[in-house]
Structure formats: structure tokens, C-alpha cells
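Each chain is listed here by its residues.
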Amino acid sequence: MNKIWVGFVTFVTMKERLTILFLFLALSSGFAQIEEDDPFFQVDTTLVKDSLGGIVTDTSDVYWLYPANPYQEFALDDTLLGYSFMQYDPIRKGVAPRGNLGNLGSPAVRLFYQAPYRQGFHLGLDAYDYIRKPLDSLLFYRTGQAYTRAIFSQGNNQENTALELEFGRGFGENMGVSLYYNRLNNQGAYIHQKTELSALAFGIWFKPTSKRYQAFLRYGSNVNQLEHNGGIEQEPTSNGVPVLATPITIPVRIESPQYRYATREVGLLQHFRVFSTEKAKGKRAGQLDIVHDFRYQQNTSKYYDDNPRADSSFYGIFQVDQRGIRNYINDKSVRNAVRLHFFTSLPPDSTGIRQQRLSWEAGLVHTYHWWTQEPLDSSLNNLFATFRLKWPIGKKGVLEGNAHLGLLANAGDYRVEGRWFVPVANWGGLEAYAINQRYAPGLLEQQLTITQQVFWNNAFKPTIHTTLGGTLSAFKGNVKVSGNYHLVNFLTYFDTLALPQQTSLPVNVLQLNAWLHLGIGPLHFENNLFLQQATQDFLRLPTYYGAHSLYVQGLVFKKVMLARVGMDLRLTGDFTPYAFQPLTGQFYLQDALYQPWQPLIDATLGFKVKKFRFLFRLENILPLLTQDYYYLVADYPVPQMTFRIGISWQFVD
């Protein structure tokens, strides 16, 4: 037996030993009984189950809402050391994990396939969407006080910082203001890898005394500025064996490109009450509104390299001029949407929060686009009929539907989406959903100009996409399992030459996602597993991705401070990662690098005192021991061990 054990230890690599050790420690808490005293809730990144029992939140008389539907409010919850604070990196937040170019704020690609949402003209610069602030996501607050939330974090130097700020304030009954600001600076571990992000959204909420009219005037701006280095030339070696080296000493593929992607948007959203019906005691039973949404938007994308390599070794066929290379797009649009919105309200609870029961909307959306791709100019009219429904069906749950149909330039494009949530006894809930849509490919898939020369001009067919899925939540939200099936016809992708292609072969994707939270006393084990399999090689995604957290959490220092200490593990299964072409802003297929399964381990520390939080993360510990480079995108290694500190505060006064 001893010989067998020695052989096993010799065979297993250092990376595998450490990963097995982490999993062993994590599984030691995996068979603990789940607490039964929590109210049922659907797992949400804004809610975290606290070791003290129950969902512990700090609540205030502050309620938030979206301008598109100001009659549906949500109570502001100040959760404890939750996921939204402990995970600062945007590629680890959201519904599905992503992989970026190795530095904060760089372009990112989804590692878990999802059905895209498309309605009409689409520019195609999706790699930056995850970190930008859409105007429709600006929240407004119903409060007579000032609400402020701020988060600041810094990496291992002063040129690696991030600041996020939210502010909301009501002024009497007739006006409110809302502000969001995000500023990110990241120097990058390797040379010529700097990223900067500035996101600003500001809005004023007008509520005249008549209460038959209300309006939201909003402004939004997102500016991404990046240096691109094309990735590293090759991994440093010693006697043919890869070794870790100081990142800034590793040669990169290009050194002079600059990129700027800016979006500015202004809009006026108005609600006119046509009529309302009353119940006994003055409680409103139903209301019909006419809603008008005006929007002006400008998108500018500019990439240039004034000193490309003379041998064209990086750009290849894209290097149409040896003196320099440039890709410039300026897209402008004016959007007008008119819809009827009818809803019935639930009686206000003890806090006075407004909630809807039945709701439906029907309307038309017209958008006029005109754009320049040097030296070409073009324009397009989009007109869509839209419909939305939320229908409670007694004890059978809630049915939600969303649909649109193209009528002009995108005639024949459509999307039909339905969701049905059913509570199951007192222990869980079941949700079923289906999506069927047809949409035109994006502008950059159809047409590209480089240095004022037309490089491609395609006439791709619309993509047809079907998704079927379901989610089961159980044990008060500690267990959640989802399954998805995607069928995609006429999928567009970028091949190994970074050229757009469209396949006539149907692509099937089967997925399973499971969330599990186990805990006993202060010891917690959180798991989020993603499994997927595609029938065609045009989608190159890991078949397995796991996010695991093992931590101890509880009150210390005479129960004044809530502390949390633990480790996070990210496991990515074997896959061939995408490459990135900065000139077009697209991820594309490559065959040069195959990435074996890779673990990323972080040590974490967090604490909370009243409204103040503190975070410390020691990230990507393994390379110091394994001497391995890890990749989520080809040629862009995940940074070697680094650290990040962060603080957050939230207050109402």
C-alpha cells in the first residue's frame, strides 16, 4: 500500500495536489445539514445566507425602481459580506463566467453560452458590454433622504484602482435625482496593456403634483480607452522548461495600437396616466398609462496602429497599408417608443412599497440609424411591434411573456420569450422558460472597412435561435439546478483567420448549471458548477467550469465585527480558447494553443463594521508553485499572484 501511495504522489503534479487538498477541505463541510429556518428565496447575487441564521440584511426606508416601470418598487437591502462585494472582478459576476485578456477592464468573452438579445440594428462590439453601464440600468430611489453607496479598490500599485459610486435623493414629493459613476484604471501586468473606463449616468425624476404625469430625464456616457499588445510572444523557458518571469520583461506581439470606444446617450421617458379604477377605501385596482420613450445615442469606435510590424506577422491579411492601420466607426441613432401599459396593484404593505400584480404592455419602437464606416455612409430604419405580459395564475404561479416583431428594414425578425414560475409546496419552486428568435447579424459581421478600404462585405442570412430550459430551486434557495438546450441555425462566427463565416450546420448546445450552498455553524461551502457540450467546433467553450468558495464567517470582537476568511477556487476544464483581434474587436478561433484544465486559487478576507466593509484578496496563488501560465484567451496569460484591497460604505442620511 505504501508503494502505491508513493507512486500516486509522484504521478500527481503540484497543481493537482493543491487542488485536491482544497477540494478535500471543502468537502469536509459538504455533508452538513442545511439550516431550515430561512424563508424561501431564489438565489440572487445581492442576497447571501449568513452563518448567524437567515438572510440578514440592514434595511432602511429606501426603495428603488426602474424608470421603465416606476410602479414596481423593491426594498433596498444592505446585505452582509455578500458575493457582490467579495467578487470585485466583473468577469466573475453576472449570470455566466467570462474570460478576458488578463487585465481588469479588457475585452471579455463568455465561457458559458447564452442566447443573445437582439432587436434590430446591432453594431457588434459585444466584448465590452459586460463592464459598461446601459442607460436603462440606472436606478432611481424613493426616499426623502440621501442614499449613497461607494466602493473603492486598489491592486498592487497606485495605477490599478477602481471606484464605483451610486447616489439617490428625493426632494419632496415632486423631484428626485440619481447618479452613477464608475472609474477604472488598470496598468496591466504586461507592457502596453493599460485600460481605462469612465462610466457616468445621471437622471432627474419629475413628479408633478397632479400625479397624472411623471418623467425621467437621463444622460449616460461610457468611455473605454485601451492599449493593445496582442498578447505575449511566447512563454519564457529555462532549458526548454517554462518558468515564471517578471511580466514586464516578457516580449509582446505589438506595442503601438490605441483604441477608444465611446457611447453617449440622452433620453426622456414619460408616463401619462389615462385612467385608474378604485377599490374600497381608495385603494387603486387598475391603471392605464401611455408611455413615450425618446432616446438619442452616439457610438464611436476608433482603433489605430501607426507603427505596425513590417512583416505583417500580427495583422496578417488585415495589414492593407504598411504605413499604418485604422478602423473607425461612428454610429448615431434616434429612437422613439410608444406603448400602452396596463397594470393592477397589490395593496401597499406596512412600508408602503408599491408592487404590481397583473401587468401588460403593447407598443411600437422606431429607431433611425445612420453611421459612417470610413469612407462609407449608410442608414437604416427599424420598426418593431412589442408586447410584454406578467400574469399571476393563482396558486399555479406567475406567467411572463416578452415578444417583438420587425416591420421595416428588419421585417421578419422576431423574438418570443415565455417564463412560468410555479411554487412547489413550501420547499422550493420550478421555473420553465422558452425563447425563439430570428435576428440579423451585426454590422461588423456584415461589413468592415480598414484604412478607408472595404475589406469584406457579406450578405449573411438571419440567425434563428431556440432555447428551452428550466430551473428547480429547493431547500430555501440553498440548492438550484438549471438545464438549457440551445438550437442555433445559421450561426455566425470568426474563423482561424479572424474572418466572419456563417455555417449552414445546426449547432446544438446542452447545458447544466447547479448552485449548492452547504453550511454548519460558521463554516460555509458554496459551489457553482457549469457543464456544457456543443455539437459543432464553431463554439469553443470549456465543457466544465466551477466556482467554489470555502470560508468561515461569524461575529468577532464582542460581536461588533462580522468577519469572513476563506479561499476561492475557479476550475476551467480542458478547452481551446478563443484568440482576440483588437482591430475588429472580435474573438475568433485559433488552433495553436490548447489549454488543459486549470485551477485558479485566491485567498480572501473580509469584514464589516456597521456600514463599512473591507476586502483583501490574494489572487492566483498557484503559479508560484507550479510555474505554469494559465489562459482564458489565447496568448493573454492570467496575471501571476497579485493582491487587491477594497473598501465599501453605504449610508442613508
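For the structure itself, look to the data block above.
Being a predicted model, the structure only gives us computed values, none of them experimental. (Residues numbered from 1 in each chain as written. Predicted model: local features only at pLDDT ≥ 70, side-chain atom pairs only at ≥ 80, totals over all residues. Heavy atoms only, no water.)

Tell me what's going on with the overall build of the protein chain, and back it up with residues and numbers.
Regarding its fold elements, the protein chain presents 5 helices and 37 strands. When contacts within the protein chain are restricted to residue pairs at least 6 apart in sequence, those whose partners lie at least 24 apart make up 63%. (Helix = DSSP H or I, 4+ residues; strand = E, 2+ residues; numbered from the N terminus. Contact = heavy atoms within 4.5 Å.)

Which residues make up the pattern of salt bridges, and what values go with them?
Per the counting criterion, the structure on display carries 26 salt bridges. Among the ionic pairs, D136 bridges to R218, the shortest N-O distance being 3.4 Å. With D136 in the loop between β4 (108-110) and β5 (140-142) and R218 in strand β10 (residues 213-227), this pair connects stretches of sequence that are 82 residues apart. Overall, D136 belongs to the partly exposed group, its relative accessible area being 45%. If you follow the salt bridges from partner to partner, you end up with D136, R218, E265, D293, R295 and R335 in one network. (Salt bridge = Lys/Arg side-chain N within 4 Å of Asp/Glu carboxyl O. Buried < 20%, exposed > 50% of the residue type's maximum accessible area, 1.4 Å probe, protein only.)

Outline the nonpolar core, listing residues and values.
Counting 54 residues, the largest nonpolar core has Y315, F318 and F587 as its most contacted members. Excluding its chain neighbours within four sequence positions, the residues that come into contact with Y315 are I254, P257, Y303, D305, P308, I325, Q581 and L583. Listed in part, the 14 residues of the second largest apolar core include F530, A547, L569 and L632. (Core = buried A, V, L, I, M, F, W, Y, C linked by side-chain atoms within 4.5 Å.)

Could you give an account of unusual backbone geometry, naming the residues involved and the relevant values?
Cis geometry marks the peptide bond from E374 to P375; its omega dihedral reads 0°. Tracing the sequence through the fold places P375 in the loop between β16 (356-373) and β17 (376-392). With a phi close to 60°, F490 is a non-glycine residue in the positive phi region. Position of F490 among the secondary structure elements: in the loop between β24 (479-489) and β25 (492-494). For F557, which is not a glycine, the phi torsion comes out positive at approximately 55°. Topologically, F557 is positioned in the loop between β29 (544-556) and β30 (561-572).

Just give me the short version of a nonpolar patch on the surface, but keep the residues and values in it.
A surface patch of nonpolar side chains, about 530 Å² in accessible area, is lined by F171, M175, L200, F206, L217, Y219 and V266. If you list the elements that add at least two residues to the nonpolar patch, you get β9 (195-206) and β10. Within the element layout of this structure, V266 appears in strand β13 (residues 258-278). Here V266 falls in the partly exposed class, since its relative accessible area comes to 32%. (Patch = residues over 30% accessible without salt bridge, like charges linked within 9 Å, V, L, I, M, F, W, Y side chains within 5 Å. Areas by Shrake-Rupley, 256 points an atom, 1.4 Å probe, with all protein chains shown as cover.)

Which residues make up the environment of Q287, and what values do they have?
Along the chain, Q287 turns up in strand β14 (residues 284-305). Its relative accessible area of 1% is what places Q287 among the buried residues. In sequence terms Q287 and S359 are 72 residues apart; their C-alpha atoms lie 9.6 Å from each other. There is a polar contact of 2.8 Å between the side chain of Q287 and the side chain of D289. (Polar contact = N/O pair within 3.5 Å; in protein donor to acceptor, adjacent residues only side chain to side chain.)

Give a description of the side chain of Q590 that names residues and reports values.
With respect to the helices, strands and loops of the structure, Q590 is situated in the loop between β32 (586-588) and β33 (598-609). Within polar-contact distance, the side chain of Q590 engages the backbone oxygen of P577 at 2.7 Å. In terms of polar contacts, Q590 uses its side chain to reach the backbone amide nitrogen of L593, at 2.9 Å. If near-sequence neighbours (up to four positions away) are discounted, Q590 is found in contact with T496, R540, T576, P577, Y578, A579 and A634.

So what about the pairing of strand β37 (residues 642-652)? Which residues, and what values?
Taken together, the 8 bridges between strand β6 (residues 146-154) and β37 define a ladder with antiparallel strand orientation. Paired with I151 across the strands is S648, a residue of β37. Pairing between strand β34 (residues 612-619) and β37: 8 bridges, direction antiparallel. Note that in β37 the partner of L618 across the bridge is F643. (Pairing = 2+ DSSP bridges.)

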